[in-house]
Amino acid sequence: MINLIKDTASLEAFCARLQDQPYITIDLEFIREKTYYAELALIQVGSEAECAIIDPLAPDLNMQSFFALLENPDIVKVFHAGHQDIEILYMLTHKIPYPVFDTQIVAQVCGFGENISYENLVKSICGVELDKSYRVSNWLQRPLSERQLEYALADVTHLRKIYRHLKAEAENSRRLEWLKEEMEAVYNPETYIIKPEESWQRLRARSHHPFFLTVLRELCAWRERRAQAKNITRQVIIKDDCLVNIASLCPHNHEELSQIRGIRKDIADGKLAPEIIEIICKCDKISPENYVRAPKEKKISSYSTPLYELLKLLLKLKAQEHQVVARLIAHDDDLKEFASAKNDKQNPILTGWRKEVFGEAALALRNGEVSISYNPKTHKIEIK
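Each value, and the rule that gives it
- Residues numbered from 1 in each chain as written.
- Predicted model: local features only at pLDDT ≥ 70, side-chain atom pairs only at ≥ 80, totals over all residues.
- Heavy atoms only, no water.
- Helix = DSSP H or I, 4+ residues; strand = E, 2+ residues; numbered from the N terminus.
- Buried < 20%, exposed > 50% of the residue type's maximum accessible area, 1.4 Å probe, protein only.
- Contact = heavy atoms within 4.5 Å.
- Lys, Arg positive; Asp, Glu negative; His and termini not counted.
- Charge placed at Lys NZ, Arg CZ, Asp CG, Glu CD.
- 1 Å grid on protein atoms, 1.4 Å probe; cavity = no way out; pocket = protein on both sides within 12 Å on 5 of 7 lines; lining within 4 Å.
- Points joined across faces, edges and corners; volume = space filled by probe spheres on them.
- Nonpolar A, V, L, I, M, F, W, Y, C, P; charged D, E, K, R; others polar.
- Polar contact = N/O pair within 3.5 Å; in protein donor to acceptor, adjacent residues only side chain to side chain.
- Pairing = 2+ DSSP bridges.
- Axes fitted to C-alpha atoms, helices over the stretch in contact; angles between N-to-C directions.
- Arc of directions from axis to C-beta.
- Parallel < 35°, antiparallel > 145°, perpendicular 65-115°, else oblique.
- Left-handed = near helix turned anticlockwise from the far one by under 90°.

Asker: When you look at the overall build of the protein chain in this model, what are you seeing that I'm missing?
Answerer: Along the protein chain, the regular secondary structure elements total 17 helices and eight strands. Projecting the C-alpha coordinates of the protein chain onto the three principal axes gives extents of approximately 70 × 65 × 35 Å. Across the 384 residues of the protein chain, 46% fall into the buried class. Sequence separation of 24 or more characterises 63% of the internal contacts of the protein chain that already satisfy a separation of 6 or more. When the 52 positive and 56 negative side-chain charges of the protein chain are each reduced to one mean point, those points stand 5 Å apart.

Asker: What is the right way to read the layout of surface pockets from this model?
Answerer: By rolling a water-sized probe across the atoms, one finds the places where empty space is left. In this structure, the largest pocket encloses a volume near 590 Å³. Lining the largest pocket we find 19 residues, and of these Asp27, Leu28, Glu29, Phe30 and Arg135 sit closest to its centre. Sorting the residues of the lining of the largest pocket by element identifies strand 2 (23–31), helix 3 (83–93), helix 5 (118–126) and helix 6 (146–172) as the ones contributing at least two each. In terms of residue count, strand 2 provides more of the lining of the largest pocket than any other element does, five residues in total. Of the voids in this model, the second largest pocket is the one considered here, and its volume is about 300 Å³. Lining the second largest pocket are 16 residues, and of these Val100, Phe101, Leu176, Met183 and Tyr187 lie nearest its centre. Those elements giving two or more residues to the lining of the second largest pocket turn out to be strand 6 (100–102), helix 6 and helix 7 (180–187). Here the residues of the lining of the second largest pocket are counted per class, giving 11 nonpolar, no polar and five charged.

Asker: In this structure, what is going on with the environment of Ser371? I would like to understand it.
Answerer: Here Ser371 shows up in the loop between helix 17 (352–366) and strand 7 (372–375). The spatial distance from the C-alpha of Ser371 to the C-alpha of Ile383 is 5.7 Å, given a sequence separation of 12 residues. In contact with Ser371, not counting residues within four places along its chain, are Glu382, Ile383 and Lys384.

Asker: What is the right way to read empty space enclosed by the protein from this model?
Answerer: Enumeration over the complete set of coordinates arrives at one cavity of 30 Å³ or more. In this structure, the largest cavity encloses a volume near 40 Å³. Considering the residues around the largest cavity, the lining is formed by Phe67, Leu70, Glu71, Thr93, Lys95, Ile96 and Pro97. If you tally residues by element for the lining of the largest cavity, the top one is helix 2 (residues 64–71), at three residues.

Asker: Would you mind going over the environment of Trp139 with me for this structure?
Answerer: With respect to the helices, strands and loops of the structure, Trp139 is situated in the loop between helix 5 and helix 6. Beyond its immediate chain neighbours, meaning those up to four positions away, Trp139 contacts Glu29, Ile31, Ala41, Leu42, Tyr134, Leu144, Gln148, Tyr151 and Ala152. Reaching out from Trp139, the side chain makes a polar contact with the side chain of Glu29 at a distance of 3.4 Å.

Asker: What am I meant to see in the sheet that holds strand 3 (residues 39–46) here?
Answerer: The strand order across the open sheet built from six strands is 1-4-3-2-5-6, with neighbouring strands paired in mixed fashion. What marks the edges here is a single partner per strand, and that holds for strand 1 (4–5) and strand 6. The strands that helix 3 touches are strand 2, strand 3, strand 5 (76–79) and strand 6; relative to strand 2, the one it contacts most, it runs at about 85 degrees.

Asker: What is the right way to read unusual backbone geometry from this model?
Answerer: Negative phi values dominate among residues other than glycine, just as trans dominates among peptide bonds. Note that the residue after Tyr98, namely Pro99, is joined by a cis bond; omega there is -10 degrees. Tracing the backbone shows Pro99 in the loop between helix 3 and strand 6. Of note, the amide linkage connecting Arg142 to Pro143 takes the cis form, showing an omega dihedral of 0 degrees. Here Pro143 is to be found in the loop between helix 5 and helix 6. For Asn115, which is not glycine, the phi dihedral falls at a positive 55 degrees. Locating Asn115 in the fold gives a position in the loop between helix 4 (103–107) and helix 5.

Asker: Is there a simple way to think about helix 1 (residues 8–18) in this case?
Answerer: Every α-helical turn comprises 3.6 residues, leaving residues that sit three or four positions apart pointing alike. For helix 1, the set of buried residues is Thr8, Leu11, Phe14, Cys15 and Leu18. Seen from one end, helix 1 has its buried residues packed into an arc of 130 degrees, which puts them on one side. One side-chain oxygen at the N-terminal end of helix 1 lies 3.3 Å from the backbone nitrogen of Ala9; it belongs to Asp7.

Asker: Hey, could you run me through the packing of helix 8 (residues 210–230) against helix 10 (residues 240–249) in this one?
Answerer: For any two helices packed against each other, the geometry is given by the interaxial angle and the distance between the axes. Relative to each other, helix 8 and helix 10 sit at 135 degrees, their axes nearing to 8 Å. Taken together, helix 8 and helix 10 sit at an angle that is classed as oblique. Relative to helix 10, the crossing made by helix 8 is right-handed. Side by side, helix 8 and helix 10 meet where Phe212, Val215, Leu216, Leu219, Cys220 and Arg223 of the first sit next to Asp240, Leu243, Val244, Ile246, Ala247 and Ser248 of the second.

Asker: Whenever I open this one, helix 5 confuses me. Can you help?
Answerer: For helix 5, the set of buried residues is Tyr118, Leu121, Val122, Ile125 and Cys126. Down the axis of helix 5, the buried set is contained in an arc of 100 degrees. They therefore lie on one face. Check the buried side of helix 5 and you find it contacts helix 4 and helix 6. Immediately beyond the C-terminal end of helix 5, within one or two residues, lies Gly127, with a positive phi of roughly 70 degrees.

Asker: Sorry if this is basic, but what is going on with the environment of Gln148 here?
Answerer: In this structure, Gln148 sits in helix 6. What makes Gln148 buried here is its relative accessible area of 7%. For Gln148 and Asp60, which are 88 residues apart along the polypeptide, the C-alpha to C-alpha distance reads 23 Å. Each residue touching Gln148, except ones within four places of it in the same chain, is listed here: Tyr134, Ser137, Trp139 and Gln141.

What follows is the structure, encoded as structure tokens:
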């Protein structure tokens, strides 16, 4: 029988029983199809002793006992790919759960590849094939069927074994230290706060012209603020491609706006049109030194390029050897700087575990002390 918690007394009793647990597994079901902010529908919680589902839509349910549990530093909060779940909890409480163990992040240093899904982890570690037929359920409807609740609860029951497995593996291989930088982003509130003035970076710009980017930034910020205020999706206000078209053509009157490809009639003839035109007119007054400029890609000289290409291959080989996602070891800009012999003291690949896994071999390669070759007998690429 599934423990579905719908009243404050039951929730307080459940949370009291969890206070002595070393960890809890957490998953949220939510809908985000028609609203800007996610609509929380269910909270699944598991421990070594028991599992339950909290119904946040239950009338007069006081969630404070659960929120207090999230702040308990003695209890590890286990999520899988927890960014959206933590974002929702942060929006509700203005606090980030602590400490957090994200199984998707930890899996990256334990040989499971990048961004592995929960289903694949369950299959690999638990030997269970999950039934995902209820994935697209409307979790806001009430009542939910027993099968729907069973499906939801499975997202925290198997997570217990996954947590124990990955924790032991990371500890035995001394790789928990490798995760510190990744976890810094998890605990940073800026990770979950959407800044309207930065929302333009979500779009694929057709041009890097500074004035175009400036207009696009202002239009996207306007749309973002309106979506937040109305709690509706960005696309309901105006679609991405239409916004890019407006930024490209910069209409200064209703006639010019109405001729833009993809513009809806209700936008061109409605109350949004004057706001759009006003934004463009304001952009005309921005001085060129304040225009948006696309980030410059780091470039390397022609004589450093061969080393850079070899470093990319070396990184791939070392990532495979140590069964860790290459991105965690080094970024492309790190390789370019290293190939150019710039800022070695600040380069992450020459510090901590990264130096041991990759940096020392990279130094030897740059110094001509090792080579990379193909062995026709083993059909493998070797570092000598």
